[in-house]
Amino acid sequence: MSSIKAALSKPFAKLIAKRINKWASQPVETQDKVFQDLIKEAKNTVFGKDHKFNTIQSYEDFKNLVPVRDYESLRPYVERVVKGEENIIWKGKPLYFAKTSGTTSGAKYIPITKASMPTHVKAARNAILMYIHETGNSKFVDGKMIFLQGSPILEEKNGVKLGRLSGIVAHYVPKYLQKNRMPSLETNCIEDWETKVNAIVDETVNEDMTVISGIPSWVQMYFEKLTERKGHKVGEIFKNFNLFIFGGVNYEPYRAKFENLIGRRVDSIELYPASEGFFAFQDKQNERGMLLQLNSGIFYEFIEAEHFFEKNPERITIKDVKLGVNYVMIISTNAGLWAYNIGDTVEFTSLEPYRVIVSGRIKHFISAFGEHVIGKEVEQALKDAIKNTEISVNEFTVAPQINPAEGLPYHEWFIEFENEPKDKSKLIEDLETSLQKQNSYYYDLIEGKVLRQLVITKIKKDGFQAYMKSIGKLGGQNKIPRLSNDRKIADALYKLQLTK
């Protein structure tokens, strides 16, 4: 017997699906309207005046007047906003700053405005409603739901509230979900991640959990503690658990481990949220990629990743993108980010409607020898190599070894296995086959004897967690880069292996 809430969710889901399909079927017109609205709203801001927004009539004008920037280039404007000045990059003051850890120079403060905040909330809601509309499954709304996220405690900086994105969004959970939502506010406010996960296990272990959401690596930690506590699979502990919602990383490397921990397959919804905007969500269970949010106050541009570091790479809109090309995504938003490089690379899997997968980070690649290997390729190689085997992997990262003690340089794969391969050399061969097939540069370097076959270095159980803890990034929205072009992570992992 489903509740009134479950019954009412279906007609609401149908209405939302109709609205989404309307803008998704008119992508260029939708983006053009977003573009015009953004320019109009911001023309009297300091940024708008500095970049002559009042003269912008077309996208070509915008490209000529507004260069692509990353956070460091936009920092002088953002610092003025942080100091409390108004009308700098967007009208008035922001509602919040989403604080993220910058890689080069300390914290980054990403503004969230009155105009942009609702888009974060609606996209998360719409992802669930599209799932209900497609599958007809709405029973889960009657059970308990858990969202593994950062602390909702917010600081204040010059009259503007400040916190992690997931902590900010926690304040916007709809009333009709409040009774179902876990963990408690008290538990959610615990800063230390291990303490927090243990407290979440205490609170949830005897509840009827139906929806579980979070970054896969941290949900895995929760699942492992549950199974330790009860001695049963997660699917037995939570008999009605049927929906896993995740974002931040590709689920595929974790899928086998998750299905083993759960004891069965469950439906999943992939999200693509970031402090800078909620960009996409999975709208179909059997379609690859996530629906790009074209109607959410974000104007998108794309630059081919291969040409990104050239002097004047070509900037294009969705109208000119192609399938299967690796693009750096550039955004302009109603939070005041203009031609902003968020650092992610995406690839289109569909143009009707526009769907994307996150293929990696423009900074996270290996090209120590000109191979241009990206995150998506190493993830695919691992997926191919362990398919139809008993092997399962908890976590992994890849780094180049440029100066080996002997022999040719190579790519070193650091892997924490749940189930180890019986034949390590076969796994290496299968990884090589897939990677060489995907990346012709890598193939040529192996064939030309510039590189030798990859090497696997086994990491002890919980070794990656220990690494994240050692750099103060255990839990929350933090995740291990799939690959890097230097040895920083590799050296830290080696050090921890020796000292553990």
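Model, not experiment: these values are computed from the prediction.

S.K.: Any details on the overall build of the chain? Residues and values, ideally.
M.R.: Each helix and strand counted, the chain has 18 helices and 20 strands in total. Its C-alpha atoms give the chain a radius of gyration of 23 Å, near enough to 23 Å, the size a compact globule of 500 residues would have. Dimensions of the chain along its principal axes, counting C-alpha atoms only, are 65 × 60 × 45 Å. Evaluated residue by residue, the chain yields a buried proportion of 55% over its 500 residues. About 23000 Å² of surface is accessible on the chain, with carbon and sulfur atoms providing 49% of the total. Taking the average location of the 70 positive side-chain charges in the chain and that of its 63 negative ones, the two points are 6 Å from each other.

S.K.: Give a description of a negative patch on the surface that names residues and reports values.
M.R.: On the surface, Glu-304, Glu-306, Glu-310 and Glu-314 cluster together to form a negatively charged patch. Mapping Glu-306 onto the fold places it in the loop between strand 12 (298-304) and strand 13 (327-333). On the basis of relative accessible area, Glu-306 is assigned to the exposed category, the value being 55%.

S.K.: Any details on the nonpolar core? Residues and values, ideally.
M.R.: Leu-292, Phe-302, Met-329 and Trp-338 are the most contacted members of the largest nonpolar core, which totals 90 residues. Tallying contributions element by element places helix 6 (residues 117-135) first for this core, with eight residues. When sequence neighbours within four positions are dropped, the list of residues in contact with Leu-292 reads Trp-23, Phe-279, Ala-280, Tyr-300, Phe-302, Ile-318, Met-329, Phe-348, Tyr-354 and Val-356. Formed by 41 residues, the second largest nonpolar core is a distinct cluster that contains Met-182, Trp-193, Ile-212 and Tyr-254.

S.K.: So what about the packing of aromatic side chains? Which residues, and what values?
M.R.: Tallying each qualifying case throughout the model produces 27 aromatic pairs. Measuring from centroid to centroid gives 5.9 Å for Phe-47 and Phe-53, while their planes differ by 75°, and the two rings are edge-to-face. Each of the two residues, Phe-47 as well as Phe-53, counts as buried. Between Tyr-272 and Phe-279, the aromatic rings sit 5.2 Å apart at their centres with planes inclined by 65°, giving edge-to-face as the arrangement. Assigned by exposure class, Tyr-272 and Phe-279 land together as buried.

S.K.: Which residues make up the side chain of His-120, and what are the values?
M.R.: Structurally, His-120 can be placed in helix 6. Residue classification places His-120 among the buried positions, given a relative accessible area of 4%. Ignoring anything within four residues of it in the chain, the contact list for His-120 reads Leu-165, Ala-274, Ser-275, Gly-277 and Phe-278.

S.K.: Go over the pattern of salt bridges, please, and point to the residues and values.
M.R.: In total, this model carries 24 salt bridges according to the counting rule given. One salt bridge connects Glu-79 with Arg-75, and the closest N-O pair in it is separated by 3.8 Å. You can see Glu-79 and its partner Arg-75 sitting in helix 5 (residues 71-82), four residues apart, about one turn around the helix. A relative accessible area of 16% means that Arg-75 is categorised as buried. Its salt-bridge partner being Glu-85, residue Arg-80 comes within 2.9 Å of it at the nearest N-O pair. Arg-80 gets classed as partly exposed once you look at its relative accessible area, which sits at 31%. According to the relative accessible area criterion, Glu-85 is partly exposed, its value standing at 33%. In this structure, a network of salt bridges that share partners links the residues Glu-224, Lys-257, Glu-418, Lys-461 and Asp-462.

S.K.: Help me get a handle on the packing of helix 10 (residues 193-204) against helix 11 (residues 216-230), residues and values and all.
M.R.: At a minimum axis distance of 10 Å, the contact between helix 10 and helix 11 shows a crossing angle of 55°. Looking at the two axes, helix 10 sits oblique to helix 11. As for the relative orientation of helix 10 and helix 11, their crossing is right-handed in sense. Across from Trp-193, Glu-194, Val-197, Asn-198, Ile-200, Val-201, Asp-202 and Thr-204 in helix 10, the residues of helix 11 making contact are Trp-218, Met-221, Tyr-222, Lys-225, Leu-226 and Arg-229. In terms of residue class, the contact of helix 10 with helix 11 is made up of eight nonpolar, two polar and four charged.

S.K.: Go over the sheet that holds strand 20 (residues 455-458), please, and point to the residues and values.
M.R.: With mixed pairing, the three strands of this open sheet are ordered in space as 18-19-20. In this open sheet, the two edge strands, each paired with only one partner strand, are strand 18 (392-401) and strand 20. Recorded for the sheet is a direction-independent mean angle of 25° between the axes of neighbouring strands. Where strand 19 (residues 410-419) lies against strand 20, four bridges are found, and the strand directions are parallel. Bridged to Phe-414 within strand 20 is Thr-457. Running over the sheet, helix 15 (residues 424-438) touches strand 19 and strand 20 and is turned about 125° from strand 20.

Cut-offs and rules
- Residues numbered from 1 in each chain as written.
- Predicted model: local features only at pLDDT ≥ 70, side-chain atom pairs only at ≥ 80, totals over all residues.
- Heavy atoms only, no water.
- Helix = DSSP H or I, 4+ residues; strand = E, 2+ residues; numbered from the N terminus.
- Rg over C-alpha atoms; globule rule 2.2 N^0.38 Å.
- Buried < 20%, exposed > 50% of the residue type's maximum accessible area, 1.4 Å probe, protein only.
- Areas by Shrake-Rupley, 256 points an atom, 1.4 Å probe, with all protein chains shown as cover.
- Lys, Arg positive; Asp, Glu negative; His and termini not counted.
- Charge placed at Lys NZ, Arg CZ, Asp CG, Glu CD.
- Patch = residues over 30% accessible without salt bridge, like charges linked within 9 Å, V, L, I, M, F, W, Y side chains within 5 Å.
- Salt bridge = Lys/Arg side-chain N within 4 Å of Asp/Glu carboxyl O.
- Core = buried A, V, L, I, M, F, W, Y, C linked by side-chain atoms within 4.5 Å.
- Contact = heavy atoms within 4.5 Å.
- Phe/Tyr/Trp six-rings, centres within 6.5 Å; stacked < 30°, edge-to-face > 60°.
- Axes fitted to C-alpha atoms, helices over the stretch in contact; angles between N-to-C directions.
- Parallel < 35°, antiparallel > 145°, perpendicular 65-115°, else oblique.
- Left-handed = near helix turned anticlockwise from the far one by under 90°.
- Nonpolar A, V, L, I, M, F, W, Y, C, P; charged D, E, K, R; others polar.
- Pairing = 2+ DSSP bridges.

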